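# Examining the three-dimensional arrangement
Chain by chain, the residues:
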Amino acid sequence: MSMKTKSMILSALVLVSVVLSASAINPSNTGFAVIPVSGSTTYKVVYKNKNISKVKLSLYNADDQLIFTETINGKTGFIRPLNFEGLASGEYTIVVEDAAGKQTEKISFAPIKSAVKYVHVSKLSNEEGKYVLSIIGNEKSQNVVNVRIFNGDTVIFNETKEFSNEFAQVYNVKAFSGALSFEVTDSKGTVSTVNF
């Protein structure tokens, strides 16, 4: 066998392996996934299709009762958030139907219980630029929160506090003018914001 023939055979084998590898990675260019958004009651439905199509998105509870449905037209793909806030714990089925057929994915949903029961901020009327932050925890043991104060988009105060059941502190922000926001994030990622 000549060197030229060996070279041609080797090139053909490389080309075949490249084509096979590419088709193994994504043979149909169609996909569907459900991704939970960390620290929230939201899931992202991600859909991709190589062809523009009409897609029906549906959500069913464990008893096969339709909770939500939506038709999305003229897209090759989308990312659609589904907020489960207010829904009971349990198993849910998300269904995506297009011209190629039906795809389903089951998820187990449990609402996030905030580690903090109550957050309140009030401006002290007799003290200019002073605010009192009060927090009541949900946990019987130690509660941990992160407190941030914003002046517009700028963080002017940031600290982590540990407390048993209740916490209160006065913050002096007299040196800052404009919009103020108090943001409290608990150990489970729940964020409470109070704006002034």
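Coordinates for the structure precede this section.
Notes on the structure in this doc start here. Here the structure is a predicted model, which is why all the values come from computation and not from measurement.

## Some words on the overall build of the chain
Secondary structure summary: the chain contains 1 helix and 12 strands in total. Taking contacts inside the chain between residues at least 6 apart in sequence as the whole, the part at least 24 apart equals 49%. Just so you have it, the chain exposes about 12500 Å², and 53% of that area is on carbon and sulfur atoms.

## Overview of the environment of G90
Tracing the sequence through the fold places G90 in strand β4 (residues 90–98). Excluding its chain neighbours within four sequence positions, the residues that come into contact with G90 are I107, S108 and F109.

## A look at empty space enclosed by the protein
In this approach the atoms are scanned with a rolling probe the size of a water molecule, which exposes any empty space left behind. In total, this model carries 1 cavity of 30 Å³ or more according to the counting rule given. Each pocket or cavity is described by its volume, and for the largest cavity that value is around 30 Å³. S114, V116, V119, V184, T185, D186, T190 and S192 together form the lining of the largest cavity. The set of elements that each furnish at least two residues to the lining of the largest cavity consists of β6 (116–123) and β11 (180–186). For the lining of the largest cavity, the element with the highest residue contribution is β11, accounting for 3 residues.

## Considerations on the sheet that holds β11
Sheet strands associate in pairs through backbone hydrogen bonding, adopting either a parallel or an antiparallel arrangement. Spatial ordering of the open sheet is given by β9-β8-β11-β12, a layout of 4 strands whose pairing is antiparallel. The sheet terminates laterally at β9 (154–163) and β12 (191–195), the two strands that pair on one side only. Taken pair by pair, the neighbouring strands of this sheet meet at an average axis angle of 15°, ignoring direction.

## Considerations on the sheet that holds strand β7 (residues 130–137)
Strand order in the open sheet formed by 3 strands is β6-β7-β10, and the pairing between neighbours is antiparallel. Each edge of the sheet is formed by a strand with only one pairing partner; in this case those strands are β6 and β10 (166–172). Taken over all neighbouring pairs, the strand axes of this sheet differ in orientation by 15° on average, direction set aside. Here β6 pairs with β7 via 7 bridges, running antiparallel.

## Structural notes on unusual backbone geometry
One non-glycine residue with positive phi stands out, namely D64, at about 65°. Its location among the elements puts D64 in the loop between β2 (42–60) and β3 (66–83). Residue D64 is classed as exposed on the basis of its relative accessible area, which comes to 60%.

## Considerations on the pattern of salt bridges
Summed over the entire model, instances satisfying the criterion amount to 5 salt bridges. With a closest N to O distance of 4.0 Å, E91 and K106 form a salt bridge. Linking E91 in strand β4 with K106 in strand β5 (residues 101–109), this pair joins segments that are 15 residues apart in sequence.

## Re the side chain of N49
For N49, the location among the structural elements is in strand β2. The exposure class assigned to N49 is buried, which follows from its relative accessible area of 8%. Within the structure, N49 has its side chain in polar contact with the side chain of D98 (distance 3.4 Å).

## Things to note about the side chain of D98
Its place among the elements puts D98 in strand β4. K50 provides the closest opposite charge to the buried, unpaired D98, separated from it by 11 Å. Ignoring sequence-local partners within four residues, the contact set of D98 consists of Y47, N49, S53, K54 and V55.

So, how was this worked out
Residues numbered from 1 in each chain as written. Predicted model: local features only at pLDDT ≥ 70, side-chain atom pairs only at ≥ 80, totals over all residues. Heavy atoms only, no water. Helix = DSSP H or I, 4+ residues; strand = E, 2+ residues; numbered from the N terminus. Contact = heavy atoms within 4.5 Å. Areas by Shrake-Rupley, 256 points an atom, 1.4 Å probe, with all protein chains shown as cover. 1 Å grid on protein atoms, 1.4 Å probe; cavity = no way out; pocket = protein on both sides within 12 Å on 5 of 7 lines; lining within 4 Å. Points joined across faces, edges and corners; volume = space filled by probe spheres on them. Pairing = 2+ DSSP bridges. Axes fitted to C-alpha atoms, helices over the stretch in contact; angles between N-to-C directions. Buried < 20%, exposed > 50% of the residue type's maximum accessible area, 1.4 Å probe, protein only. Salt bridge = Lys/Arg side-chain N within 4 Å of Asp/Glu carboxyl O. Polar contact = N/O pair within 3.5 Å; in protein donor to acceptor, adjacent residues only side chain to side chain. Lys, Arg positive; Asp, Glu negative; His and termini not counted.

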